[in-house]
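One-letter residues, chain by chain:
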Amino acid sequence: MTILKIIGGPLKGKTFSLDGETVFIGRSSKNDIQIKDATISRKQVKLYRIGHKLFLEDLKSTNGSWLNDSLVLPGEGFEVGEGDLITLGNTVMLITDAPPSPALQPRDKTPSAPKPKIGKEGTRKPERERREKLFKNLELIYSVSKLIRSRLELKEMLESVLESLLETLPRIDRATLILLEKDKEEIREIVSRSRKDIEETSKHFSHTVVERVIREGKAVRMSNTDFEAPSDLSATLSTLKIGSLLCVPLVSNEKTRGVLYVDSLSGPYGFRKDDLLLLNAMSGALALTIENAQLRSSGE
């Protein structure tokens, strides 16, 4: 019998038997497996069987679902098996007592296989490197989850989150969390961290990009600011010596509580799409923590 073991998150240590044909997982009590994790959607994913095979499907969740180190595209079934890790928000689950799964690939579809990554010596990218990246990302999620549940003051906790980001993603030179006034789009507080050899970051970020993310509620990724930035931004980004950047809104209960902004000064193409997905996965929990802190400070 296939077992789903929770190895990270609110239900850490719990196990569930996947003996049904279809198992729904989410925050709502209407799911077969309910996980009270604010970073998970009311109905996040379903696991279902076809013959002896088990598949995972994302149900158009807000923060996305991950199978090992790959994002699960909504509406498609991906086969899972022994040793696979499923990450939903701050919750990480391990599939055990099941046959091994093939490489991540949608059911009943035959997409063109990606070209193997070739190293300097003409060999495929080592499996160890892929696993190291996965575990670093998981360690970051664990670290942030632990910090959020700690008794640290909000500012101290947010500073620690930024330090964890700098440790996990070496391409980040500066990281900033910008908090908004409750129910307003005005900046209330700025928390920043940077590498030791980089200038202090408290005012060194693109205000235009931050204002755009606050206004539109959508993340911005600029791989190369020389080519991707609109003309009215180019001068500012050049002055700040920003080669590439990511900016993600922190949204809770349909309201933007702030933004998470990181940039690289070492040149263009400092960030990958996976980095943006990782920050998006963290954003929900951070937004909820900020909202709760605002409610406590206002006495509600």
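Our structure's up above, just so we're on the same page.
Model, not experiment: these values are computed from the prediction.

The rules behind the values
Every residue gets a number counted from 1 within its own chain, in the order that chain's sequence is written. Totals for whole chains, interfaces and linings use all residues, but because this is a predicted model, local features are given only for residues with pLDDT of at least 70 and pairs of side-chain atoms are given and counted only at 80 or more. Just so you know, side-chain values use all the structure's heavy atoms and leave hydrogens and water out. The helix count covers DSSP runs of H or I at least four residues long, the strand count covers runs of E at least two residues long, and both are numbered beginning at the N terminus. In this scheme, a helix's expected span is set at 1.5 Å multiplied by one less than its residue total. Buried residues are those whose accessible area, probed at 1.4 Å on protein chains only, stays under 20% of the maximum for their type, while exposed residues exceed 50% and partly exposed ones sit between those limits. Any pair of N or O atoms that falls within 3.5 Å is considered a polar contact. Within protein, one atom must be able to donate a hydrogen and the other to accept it, and sequence-neighbouring residues count only if both atoms are side-chain atoms. Working rule for contacts: check all heavy atoms of both residues, and any pair within 4.5 Å makes them a contact. Only centres within 6.5 Å qualify two rings of Phe, Tyr or Trp (six-membered ring in Trp) as a pair; their planes then separate them into stacked at under 30 degrees, edge-to-face at over 60, and tilted for everything else. The criterion for a charge sitting over a ring is simple: Lys NZ or Arg CZ within 6 Å of the ring centre, and within 35 degrees of the ring normal. Any two strands with at least two DSSP bridges between them are considered paired.

Caption draft 1: Region of the structure containing helix α2 (residues 154-168). Taking 1.5 Å of rise per residue, the 15 residues of α2 would be expected to cover 21 Å, and the 21 Å separating its terminal C-alpha atoms lies within 8% of that figure. Most of α2 sits inside the fold, with eleven of its 15 residues counted as buried.

Caption draft 2: Examining the side chain of Thr168 more closely. By secondary structure assignment, the location of Thr168 is in helix α2. Since its relative accessible area comes to 14%, Thr168 is described here as buried. Among the polar contacts made by the side chain of Thr168, one reaches the main-chain carbonyl oxygen of Ser164 at a distance of 2.9 Å. When residues no more than four places from it in sequence are discounted, the contact partners of Thr168 are Lys136, Asn137 and Leu140.

Caption draft 3: Up close: the packing of aromatic side chains. Applying the stated rule across the entire model yields two aromatic pairs. With 5.7 Å between their ring centres and 25° between their planes, Tyr48 and Phe55 make a pair best called stacked. Each member of the pair, Tyr48 together with Phe55, is buried. Sitting above the plane of the Phe24 ring, Lys43 keeps its charged end 4.7 Å from the centroid. For Lys46, the ring lying beneath its charged end belongs to Tyr48, and the centroid distance is 5.3 Å.

Caption draft 4: Layout of the sheet that holds strand β5 (residues 45-50). One open sheet holds the five strands; their spatial order is β4-β3-β5-β6-β9, and the pairing between them is mixed. Across the chains shown, the open sheet's two edge strands, defined by having one partner strand only, are β4 (33-34) and β9 (78-80). The pairing of strand β3 (residues 22-26) with β4 spans two bridges and is classified as parallel. Its bridge partner being in β4, Ile25 is matched across the sheet by Ile33.

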